[in-house]
Amino acid sequence: MPSVSEQSHAHAGYRPASDVSIKVENVSITYRTAYEKIPTLRTTLLRLGRREKLVREIEAVKNVSFQVEKGTVLGVVGANGAGKSTLVRTIAGILPPTEGRVEVVGRVSTLLALGVGFNRELSGRENVILGGLAAGLNKMELEEKYEEIVDFAELGEFMDLPMRAYSSGMYGRLAFAVAIHMDPDILLIDEALSVGDAKFRRKSFDKMRSLCAEDRTIVLVSHAFGSIRDLCHQAVWMNKGHLEMWGEANDVVDAYRDFLGVKEDRTDKEDL
Amino acid sequence: MSTTSAEEKAKEAISAEREALADGHLLPEAYRDDEYGERHVYLPHKVGLPPMRHYLGLVWKRREFAFELSRTTMRAKHFDTAFGQLWLLLNPLLLGSVYFLLVDLIRHHPRPLSFFAHLLGGLFLYQVLQTGATEGSNSVVRGGGLILNTAFPRTLLPLASMATSFKRFVPTLAIWAIIHFASGGGLTINMLWAIPIVAMVTVFSTGVAMFCGAAQVYFRDLSSFLPYLLRIWMYISPILYYWDDVPKHIQHWLLLNPMASMLASWSDVLQKQQAPPLNLMLIGTGWAIFGLLAGSLFFISRERDFAVRI
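Source: prediction; values computed, not measured. For every chain, the first residue of its written sequence is number 1, and the numbers climb from 1 along that sequence. Both sets of labels track the order of writing: A upward for chains, 1 upward for ligands. For this predicted model, a pLDDT threshold of at least 70 governs which residues receive local features, and a threshold of 80 or more governs which side-chain atom pairs are given and counted, while totals over whole chains, interfaces and linings are taken from all residues. Hydrogens and water molecules were not included; the side-chain quantities draw on all heavy atoms of the structure.

(A) Layout of the overall build of chain A. Secondary structure follows DSSP: runs of H or I at least 4 residues long count as helices, runs of E at least 2 residues long count as strands, and numbering of each begins at the N terminus. Summing up its helical and strand segments, chain A has 9 helices and 9 strands in all. In chain A, the share of contacts with a sequence separation of at least 24, taken over all contacts with a separation of at least 6, comes to 73%. Computed by Shrake-Rupley with a 1.4 Å probe, the accessible areas treat only the displayed protein chains as cover when residues are assessed. Within the structure as shown, chain A displays about 12000 Å² of accessible surface, and the carbon and sulfur contribution to it stands at 47%. Here, residues are in contact when the closest pair of their heavy atoms is within 4.5 Å.

As structure tokens, this is what we get:
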């Protein structure tokens, strides 16, 4: 199995800064979290009484370096808990690194979990406005994009209803439509391609292809080998926080699949 | 040797960049390169805090989000409808009436209407803190979806709660004014002192809202016992009684309660229409600044944790 440095030189190498969209340099991410899913003062006091530890430290990402060139679709593969989502959240600026440096050139749009960013009590329209304002757009820009978002999500008459009335497919369609209509130079997607029906998936896939053709950069976290092979130029394989491999998408998927000892079947394309 | 030297150079470069960020010379999110557009640089936080000038710049740049969040939150609770607006006025009035009757029952002899005006004025101002703390405590956890998906200064979430709290406070002044004038109260230039006092309470409450918002992430049951704490806090503040009725030796101890100096000044200004005592104003200002600094620094230093603890 090639080492990270070998992969760097063999496949991507270091290009001049002008071509680089995302540069991840010696990044380590450690965070502390509670043992309970929902920590309370009661559970904290009980733990203190039993002289148990209150928090555990998780080294999610360990000294990872790679870069993504402009117009590249980068797949991120790895087992659950490998550090994929944490790494992408750091690229998005949501979780600052503990060590190292991340440089991102361009406007970033995120779709890091389906439906997140949405308040179920508010209408679809209000959620689109709030999400856009939080992402740094102003109201005028959002009003210009609003109709395009609604058309893409095919949610016309539902936009003024509270989102608690939405089905999970409608939720996902709106989230995807918002993410891709924020004029992103860089789109970060975490296991969120399998939204809506087959027709909408096809439309999402085509939209991502057109974003690539416009020289936009996409980072796609997925467990579906088929999606990574079809959409991505390059891929990184994360394993227990380490960057196990970085290179051509097919090579990385092959290596990861061999590591898992599994065969590809039609479910590997379920994202599409 | 060469590897170590390269690592040292890289560390020096990162350190220089971090200093530039802290000095505000390099603003990654606001930085626009003519050729490449936006450029974002993410570095480890220094002592848990992001570069503050840059951070505050981002808060200002995205202030529209906080106002919009406050507006939509009020709309979701139907406060934009006629009945919603009416409830905003009736609820504190009914609460004030209950306390007025209760105080009368305990004292065994009725208080004049001017005391009702004092009680309502104090209660309404206290609700800036109460609503700010209650809404603020839920703001981060409730905004979890947005926190997990979007990079923005999380401070905007409790700030939106404070905007809601302030919007709910303003209409209640009309009720206070009706009772005040009905009880024979006047209108003097000294009542302008009310403005800095409201500012003090708002600033202090903002700090409390931020503290509660961050604390709720670590202790999700905080919102369950917060109403009881706030009720006790209200009882030890000069709302159900006049500040002057408190024995002098107890007043010193009560000043350890940040709201005591502010509410005592508020009552002096509104009921007696006189300038508040300088010592109370200075103590109130001190508490307001301390509250904001302590609450905001605690919140911002914990911000990084939110994305992994929600």
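(B) Geometry of the overall build of chain B. Scanning chain B from terminus to terminus reveals 13 helices and 2 strands. Only protein chains enter the calculation, and the probe is 1.4 Å; a residue is then buried if its accessible area is under 20% of its type maximum, exposed if over 50%, and partly exposed in between. Out of the 310 residues belonging to chain B, those deemed buried represent 52%. In chain B, the proportion of contacts linking residues at least 24 apart, taken out of those at least 6 apart, comes to 78%. Counting only carbon and sulfur atoms, one obtains 68% of the accessible surface of chain B, whose full area is about 14700 Å².

(C) Region of interest: empty space enclosed by the protein. Residues and elements named next belong to chain B. Site definitions follow a grid-based scheme: protein atoms alone, a 1 Å grid, a 1.4 Å probe that fits but cannot get out for cavities, and for pockets an open set with protein on both sides within 12 Å along at least five of seven lines, plus lining residues having an atom within 4 Å of a point. Grid points are joined across faces, edges and corners, and a volume is the space filled by probe spheres set on the points. On inspection of all chains with the given rule, the structure shows 1 cavity of 30 Å³ or more. What lines the largest cavity is A117, H118, G121, G122, W266, S267, L270 and Q271. Considering only residue class, the lining of the largest cavity consists of 3 nonpolar, 5 polar and no charged. Under the convention adopted here, Pro, Cys and the residues Ala, Val, Leu, Ile, Met, Phe, Trp and Tyr are nonpolar, Asp, Glu, Lys and Arg are charged, and Gly plus all remaining residues are polar.

(D) Structural view of helix α9 (residues 194-218) of chain B. Any helix carries an expected span of 1.5 Å times its number of residues minus one. Here α9(B) spans 36 Å end to end across 25 residues, near enough to the 36 Å set by a 1.5 Å rise per residue. The buried fraction of α9(B) is high, at 20 of 25 residues.

(E) Representation of the sheet that holds strand β8 (residues 234-239) of chain A. Residue and element names in this part refer to chain A. With respect to topology, 6 strands assemble into an open sheet ordered β5-β6-β7-β3-β8-β9, the strand pairing being mixed. The strands lining the two open edges of the sheet, one partner per strand, are β5 (108-111) and β9 (242-248). The sheet shows a mean angle of 15° between the axes of neighbouring strands, taken without regard to direction. In terms of strand pairing, β5 meets strand β6 (residues 186-190) through 4 bridges, oriented parallel. Note that in β6 the partner of T110 across the bridge is L188. Comment: axis = line fitted to C-alpha atoms, over the contacting stretch for helices; angle = value between 0 and 180 degrees taken between N-to-C directions. Along the sheet face, helix α9 (residues 249-260) touches β3 (73-77), β8 and β9 and points at about 135° away from the line of β9. Pairing between strands is defined by DSSP: at least two bridges between them are needed.

(F) Here's a closer look at the confidence of the model for chain A. Overall, the predicted model of chain A reaches an average pLDDT of 85, with 86% of residues at or above 70. You can read pLDDT as the predictor saying how much it trusts each residue, on a scale of 0 to 100. When mean pLDDT is compared element by element in chain A, β8(A) scores highest at 97, while helix α1 (residues 4-12) of chain A scores lowest at 36.

(G) Region of the structure containing the interface of chain B and chain A. Taken together, the 39 residues of chain B in the interface contact 50 residues of chain A. Summed over both partners, the interface of chain B with chain A buries about 4000 Å², with 57% contributed by carbon and sulfur atoms. Put simply, buried area is how much 1.4 Å-probe accessible surface two parts lose in total, over both of them, once they are put together. Of all residues in chain B, Y42(B), N149(B) and R304(B) give up the largest surface area on contact with chain A, accounting jointly for 19% of the area buried on that side. Salt bridge criterion: a side-chain nitrogen from Lys or Arg within 4 Å of a carboxyl oxygen from Asp or Glu. Here chain B and chain A share 3 salt bridges between them. Among the salt bridges present, the one from E126(A) reaches R75(B), with a minimum N-O distance of 2.8 Å. In protein, a polar contact requires one atom able to donate a hydrogen and another able to accept it; more generally it is a pair of N or O atoms within 3.5 Å, and residues adjacent in sequence count only if both atoms are side-chain atoms. The tally of links from chain B across to chain A stands at 17 residue pairs in polar contact (both at pLDDT 80 or more). Of all the secondary structure elements, the ones that give two or more residues to the side of chain B that touches chain A are α1 (2-22), β2 (37-42), α3 (63-76), α6 (144-149), α9 and α13 (278-309) of chain B. Among the elements that line the side of chain B that touches chain A, the one with the most residues is α3(B), at 8 residues. Its residues assigned to classes, the side of chain B that touches chain A shows 20 nonpolar, 6 polar and 13 charged.

(H) Examining the nonpolar core more closely. To form a nonpolar core, buried Ala, Val, Leu, Ile, Met, Phe, Trp, Tyr and Cys residues must be joined to one another through side-chain atoms within 4.5 Å. Ranked by internal contacts, the top residues of the largest apolar core, which has 104 residues, are F66(A), I91(A), L174(A) and F65(B). It is helix α6 (residues 168-180) of chain A that contributes the most residues to this core, 9 residues altogether. One finds F100(B), I175(B), A194(B) and F204(B) within the second-largest nonpolar core, a separate group that totals 46 residues.

(I) A look at α6(A). All names here are of chain A. With 13 residues, α6 ought to run about 18 Å at 1.5 Å a step, and its terminal C-alpha atoms sit 19 Å apart, in line with that. Burial analysis of α6 places 11 of its 13 residues in the buried class, the great majority of the element. Those residues of α6 that fall on the buried side of the exposure criterion are M170, Y171, G172, R173, L174, A175, F176, A177, V178, A179 and I180. In the core, the buried residues of α6 are packed alongside β5, α4 (124-134), α5 (139-153), β6 and α7 (198-213).

(J) Here's a closer look at the side chain of R216(A). All names here are of chain A. Its place among the elements puts R216 in the loop between α7 and β7 (217-221). Looking at R216, the relative accessible area reads 19%, which means it is buried. Within the local environment of R216, its side chain forms a polar contact with the backbone oxygen of P184, the two atoms lying 2.7 Å apart. Every residue in contact with R216, bar those within four places of it in the chain, is listed here: G71, T72, D183, P184, D185 and L211.

(K) Focus on the state of the cysteines. Residue and element names in this part refer to chain A. Note on terminology: disulfide denotes any pair of cysteine sulfur atoms within 2.5 Å. All chains considered together, the criterion is met by 0 disulfides over all chains. Note on C212: no disulfide assigned, nearest cysteine sulfur contributed by C232 at a separation of 8.5 Å. Since its relative accessible area comes to 15%, C212 is described here as buried. According to the relative accessible area criterion, C232 is buried, its value standing at 8%.

(L) Representation of the environment of L240(B) within the structure. All names here are of chain B. Along the chain, L240 turns up in the loop between α10 (222-235) and α11 (248-254). Judged by relative accessible area, which is 16%, L240 ranks as buried. For the pair L240 and H118, spaced 122 residues apart in the sequence, the C-alpha separation amounts to 8.5 Å. Excluding residues that lie within four positions of it along the chain, L240 makes contacts with Y99, V103, F115, L119 and Y235.

(M) Examining the packing of aromatic side chains more closely. All names here are of chain B. Only Phe, Tyr and Trp rings take part, Trp by its six-membered ring, and two of them pair if their centres are within 6.5 Å. Stacked means planes under 30 degrees apart, edge-to-face means over 60, and tilted covers everything else. The final tally for this structure, using the stated rule, is 17 aromatic pairs over all chains. For the pair W287 and F290, a centre-to-centre distance of 5.9 Å together with 75° between the ring planes defines the contact as edge-to-face. Within this pair, W287 and its partner F290 are both found in helix α13, separated by 3 residues, close to a single helical turn. For W287, a relative accessible area of 24% corresponds to the partly exposed category.

(N) Structural view of the pattern of salt bridges. Enumeration according to the criterion identifies 26 salt bridges over all chains in this entry. Here the salt bridges do not stand alone but share partners, grouping E25(A), R101(A), E103(A) and R39(B) into one network.

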